[in-house]
Amino acid sequence: DTAVSQTPKYLVTQMGNDKSIKCEQNLGHDTMYWYKQDSKKFLKIMFSYNNKELIINETVPNRFSPKSPDKAHLNLHINSLELGDSAVYFCASSRSASGNEKLFFGSGTQLSVL
Amino acid sequence: SQELEQSPQSLIVQEGKNLTINCTSSKTLYGLYWYKQKYGEGLIFLMMLQKGGEEKSHEKITAKLDEKKQQSSLHITASQPSHAGIYLCGADASGTYKYIFGTGTRLKVLA
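Residues numbered from 1 in each chain as written. Chains lettered and ligands numbered in written order. Predicted model: local features only at pLDDT ≥ 70, side-chain atom pairs only at ≥ 80, totals over all residues. Heavy atoms only, no water.

Peer 1: Please give an account of the overall build of chain B that cites residues and values.
Peer 2: Of the regular secondary structure elements, chain B holds 0 helices and 11 strands. The linear arrangement of helices and strands in chain B, starting from the amino end, is β-β-β-β-β-β-β-β-β-β-β. A globule of 111 residues ought to have a C-alpha radius of gyration of about 13 Å, and chain B, at 13 Å, matches this closely. Dimensions of chain B, computed from C-alpha atoms along their principal axes, come out at roughly 40 × 30 × 20 Å. The long-range share in chain B, meaning contacts at least 24 apart out of those at least 6 apart in sequence, stands at 55%. As presented, chain B carries roughly 5,400 Å² of accessible surface, and 48% of it is formed by carbon and sulfur atoms. Side-chain charges of chain B comprise 13 positive and 10 negative groups, with the mean position of each set lying 2 Å from the other. (Helix = DSSP H or I, 4+ residues; strand = E, 2+ residues; numbered from the N terminus. Rg over C-alpha atoms; globule rule 2.2 N^0.38 Å. Contact = heavy atoms within 4.5 Å. Areas by Shrake-Rupley, 256 points an atom, 1.4 Å probe, with all protein chains shown as cover. Lys, Arg positive; Asp, Glu negative; His and termini not counted. Charge placed at Lys NZ, Arg CZ, Asp CG, Glu CD.)

Peer 1: Before we move on, could you go through the pairing of strand 11 (residues 109-113) of chain A and cite the residues and values that matter?
Peer 2: Residues and elements named next belong to chain A. Side-chain alternation along strand 11 places Thr-109, Leu-111 and Val-113 on a buried face and Gln-110 and Ser-112 on a face that remains uncovered. Pairing between strand 9 (residues 87-94) and strand 11: 3 bridges, direction antiparallel. For Val-88, the partnering residue across the bridge sits in strand 11 and is Gln-110. (Buried < 20%, exposed > 50% of the residue type's maximum accessible area, 1.4 Å probe, protein only. Pairing = 2+ DSSP bridges.)

Peer 1: Quick one: what's the story with the state of the cysteines, residue by residue and with numbers?
Peer 2: Residues and elements named next belong to chain B. Considering all chains together, one arrives at 2 disulfides over all chains under this definition. Each sulfur in the disulfide pair Cys-23 and Cys-89 lies 2.1 Å from the other. Between Cys-23 and Cys-89 the disulfide shows an S-S torsion of about 75°. By sign, it is right-handed. One end of the pair, Cys-23, is in strand 3 (residues 19-25); the other, Cys-89, is in strand 9 (residues 85-92), and 66 residues separate them in sequence. Per residue, the accessibility class of Cys-23 equals that of Cys-89, and both read buried. (Disulfide = S-S within 2.5 Å.)

Peer 1: Please give an account of the sheet that holds strand 6 (residues 55-58) of chain B that cites residues and values.
Peer 2: All names here are of chain B. Strand order in the open sheet formed by 5 strands is 1-3-8-7-6, with antiparallel pairing between adjacent strands. The strands lining the two open edges of the sheet, one partner per strand, are strand 1 (4-7) and strand 6. Going across the sheet, the axis of each strand differs from the next one's by a mean of 15°, ignoring polarity. Bridging between strand 1 and strand 3 involves 4 bridges; their strand directions are antiparallel. Its bridge partner lying in strand 3, Ser-7 is registered against Asn-22. (Axes fitted to C-alpha atoms, helices over the stretch in contact; angles between N-to-C directions.)

Peer 1: Describe the environment of Asn-50 of chain A, with residues and values.
Peer 2: Residues and elements named next belong to chain A. Tracing the backbone through its elements, the reader meets Asn-50 in strand 5 (residues 43-50). Judged by its relative accessible area of 23%, Asn-50 falls in the partly exposed class. Residues Asn-50 and Lys-22 lie 28 residues apart in sequence; the distance between their C-alpha atoms is 17 Å. In this structure Asn-50 touches Asp-30, Thr-31, Ile-55 and Ala-97, once residues within four positions along its chain are discounted.

Peer 1: An account of the nonpolar core is requested, with residue identities and associated values reported.
Peer 2: By size, the foremost hydrophobic cluster in this structure holds 23 residues, and its most contacted members are Leu-4, Leu-19, Leu-32, Trp-34, Leu-74 and Leu-107 of chain B. Elements represented by at least two residues in this core include exactly strand 2 (10-14), strand 3, strand 4 (32-37), strand 5 (43-49), strand 7 (61-65), strand 8 (71-76), strand 9 and strand 11 (105-110) of chain B. Excluding residues that lie within four positions of it along the chain, Leu-74 of chain B makes contacts with Leu-19, Thr-20, Ile-21, Trp-34, Met-47, Ile-61, Thr-62, Ala-63 and Tyr-87 of chain B. With 20 residues, the next largest nonpolar core counts Val-4, Met-46, Leu-111 and Val-113 of chain A among its residues. (Core = buried A, V, L, I, M, F, W, Y, C linked by side-chain atoms within 4.5 Å.)

Peer 1: Which residues make up the sheet that holds strand 7 (residues 64-70) of chain A, and what values do they have?
Peer 2: Residues and elements named next belong to chain A. Taken together, 4 strands build an open sheet; the order of strands is 1-3-8-7 and the sheet is antiparallel. Unpaired on one side and paired on the other, strand 1 (4-7) and strand 7 mark the two borders of the sheet. Mean inter-strand twist for the sheet, computed between neighbouring axes without regard to direction, equals 15°. Relative to strand 3 (residues 19-25), strand 1 runs antiparallel, the two sharing 4 bridges. Looking across to strand 3, one finds that Thr-7 is bridged to Lys-22.

Just geometry here; none of it tells us what the structure is for.
If you want it as structure tokens, here you go:
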């Protein structure tokens, strides 16, 4: 069983569209994250949720809206997609938000906005 | 804000050679993690260092955290093509619960 799974793996869409990426973890972890990896492979945190509550919200455009229906799921919805949104988005989870926990990552969603 | 700088940015070595990747923090580290990313995949946890002067090894990979807890190195002995990928250091940014990552080092090992 995959510990952290995200879908879809690839997403190709037109500018202006709205799309969602789903993430699920079966590890029983309390904390989940969304990261964005740009073309230079720099990994930047976007959001973090702990027990369904938002604890980190970096300077991300409000077109990006995370939703956590329960602590095993953290979905990312993106409105009015722009060319600059093209990147690989990674979901991750950790046992807690203590900062001394290793992260478990999904395999990434490659988003291409045309 | 805390930043993690890695060097070198990229590295190409011949199979069998040793190599070292460095990670330098702008502030004292509360914990330092090393991850490996294979091309087109997610990150996989390698090692965690928490104490100044700590050193850990797993197979042919050794990671160290300096006494001041601001610099870490990852050393690979007798590299193999399977070691190829992107190595990233990660840390909790100044105890903020914000898990940040370094700039990454791309490693290619030539057979």
